Amino acid sequence: MRKPIIIGNWKMNKTVKEAVEFIEKVDGHVHDKATFGVATSFLALDASLKAAKNLVISAQNCHYETSGAFTGEVSVEMLEELGVKYVIVGHSERREMFGDCDCSVNKKVLKLLSKGVTPIFCIGETEAQFDANETEAVIRSQVSKGLKDVQDVTKVVIAYEPIWAIGTGKSATKEIANTCCGIVRDEVSKLFGAEAAEKVLIQYGGSVKPENIEEYMAEEHIDGALIGGASLQAESFISIIEKVK
Ligand code: 13P
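Cut-offs applied
Here, residues in each chain are numbered from 1, in the same order as that chain's written sequence. Local features in a predicted model are, by the rule used here, given only for residues with pLDDT of at least 70; side-chain atom pairs are given and counted only at 80 or more, and totals for whole chains, interfaces and linings are based on all residues. The basis for every side-chain value is the complete set of heavy atoms in the structure, and neither hydrogens nor water enter the calculation. Here is the rule: rings of Phe, Tyr and Trp (six-membered ring for Trp) pair when centre to centre is within 6.5 Å. Planes less than 30 degrees apart are stacked, more than 60 are edge-to-face, and the remainder are tilted. Counting from the N terminus, the helices are DSSP H or I runs at least four residues long and the strands are E runs at least two residues long. Residue exposure (1.4 Å probe, protein chains only): buried if accessible area is under 20% of the type maximum, exposed if over 50%, otherwise partly exposed. When the NZ atom of lysine or the CZ atom of arginine is within 6 Å of a ring's centre and also within 35 degrees of its normal, the charge is said to sit over that ring. Every residue pair with non-hydrogen atoms within 4.5 Å of one another is taken to be in contact. Orienting the strands away from the viewer, one traces the path from the first strand over the helix to the second; a clockwise path indicates a right-handed crossover. Pairing between two strands requires that DSSP report at least two bridges joining them. Near residues are defined by distance, with any heavy atom within 4 Å of the molecule or strand qualifying the residue. Residues adjacent in sequence count toward polar contacts only when both atoms are side-chain atoms; beyond that, a polar contact is any pair of N or O atoms within 3.5 Å, and within protein one must be able to donate a hydrogen and the other to accept it. The Shrake-Rupley method, run with a 1.4 Å probe, gives the accessible areas here. Residue values count only the displayed protein chains as cover. Residues are grouped as follows: nonpolar covers Ala, Val, Leu, Ile, Met, Phe, Trp, Tyr, Cys and Pro; charged covers Asp, Glu, Lys and Arg; every other residue, Gly included, is treated as polar.

Trainee: Teacher, can you tell me more about the packing of aromatic side chains here?
Mentor: The way to describe two aromatic rings as a pair is by their centre distance and the angle between their planes. Enumeration over the complete set of coordinates arrives at five aromatic pairs. Taking the centre distance of 4.8 Å and the plane angle of 80° together, the rings of Trp-10 and Phe-22 count as edge-to-face. Pair noted here: Trp-10 is in the loop between strand E1 (5-9) and helix H1 (16-26) and Phe-22 is in helix H1, with a separation of twelve residues, a long-range link. Phe-22 sits in the buried class, given a relative accessible area of 3%. Each residue in the set Trp-10, Phe-22 and Phe-237 is aromatic and connected to the rest through ring pairs, giving one cluster. Looking at Lys-14, its charged tip hangs above the ring of Trp-10, at a distance of 5.2 Å from the centre.

Have a look at this one:
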């Protein structure tokens, strides 16, 4: 049995005070049918970890080096010291705007695993690739390159987020989302074996909200969600938590 995982990706939203206020409102609603959490800014991690009893707190990025001349970057060791247990890597916004690529994302995944921190490893195709029927090839390539040299893939959470569904209100149908998460699982099976593929958690992300979370969660290959916009309001996130019961 795979225990689902639902993470709100706040992106560049919420001050430290706003993060703590949100956590104080939401934390008591968490139940054990799934793992629930939020990915805050680096600045809000410490206060959020202290405020959260039930929500898991994730970072949104990290560097793969331990220390050095990397202005503006944050190492896994720095996150580990705070008690961070999850880090999003390879989000399409970082790939598109900040130069992250399969190779650097792979280094981040390996570094996180070496420190016992769970990578939430994001993949997904652009609208042009979707329209050109390249989705399957893109997904398989991102999975195999991003997870190269991983020893235990069950320690990674994979988030399939079609770029055309992120922040657009245009969510993938549950059939498309399930098919694509199934392709991810099949690629994991080819690379790491059927037993690992059966265990690995695969999230769908892209315009998930209280109105559609249940239909995604009912699908065979979808083990949770990575949620942007609908994770920013406490009421909306509480509603999602209630619907996953
Ligand atoms: P939205 O839920 O706002 O579409 O964002 C999805 C996302 O990018 C989560 O990482």
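Trainee: When you look at the side chain of Arg-140 in this model, what are you seeing that I'm missing?
Mentor: Take Arg-140: it is sitting in helix H7 (residues 135-146). Ignoring anything within four residues of it in the chain, the contact list for Arg-140 reads Ile-183, Asp-186, Glu-187 and Lys-190.

Trainee: Looking at this model, I keep getting lost on unusual backbone geometry. Mind explaining?
Mentor: Excluding glycine, residues mostly have negative phi values, and the peptide bonds linking residues are mostly trans. A positive phi is found at Lys-11, a non-glycine position, where the angle reads about 55°. Relative to the elements of secondary structure, Lys-11 occurs in the loop between E1 and H1. We note that Asp-149 has phi near 70°; this positive angle belongs to a residue other than glycine. Note on placement: Asp-149 falls in the loop between H7 and strand E6 (157-160). Taking the relative accessible area as the measure of exposure, Asp-149 reaches 52% and is therefore exposed.

Trainee: Is there a simple way to think about the pairing of E1 in this case?
Mentor: As a general feature of sheets, a regular strand has side chains that alternate between the two faces. In terms of burial, E1 is a largely internal element, five of the five residues being buried. Burial along E1 is two-sided: Ile-5, Ile-7 and Asn-9 and Ile-6 and Gly-8, pointing in opposite directions, are all buried. Regarding topology, H1 serves as the crossover connection from E1 to the parallel strand E2 (residues 35-39), and that connection is right-handed. The sheet contact formed by E1 and strand E8 (residues 224-227) spans four bridges and is parallel. Pairing of Ile-7 across the sheet is with Leu-226, part of E8.

Trainee: Would you take a moment to explain the site of the ligand for this structure?
Mentor: With respect to spatial proximity, 13 residues lie near the ligand, and among them Lys-11, His-91, Glu-161, Gly-167 and Ser-207 are the closest. Asn-9 has a polar side-chain atom sitting 3.0 Å from an oxygen atom of the ligand. Surface burial for the ligand is 95%, taken as the share of its 310 Å² of free accessible area covered by protein chains. A per-class count over the shell around the ligand returns four nonpolar, seven polar and two charged.

Trainee: I keep staring at the environment of Glu-175 and nothing clicks. Help me out?
Mentor: Relative to the assigned elements, Glu-175 resides in helix H8 (residues 174-192). Judged by relative accessible area, which is 48%, Glu-175 ranks as partly exposed. In this structure, the C-alpha to C-alpha distance between Glu-175 and Glu-215, residues 40 residues apart in sequence, is 9.8 Å. For Glu-175, the side chain forms a polar contact with the side chain of Lys-174, separated by 3.2 Å.

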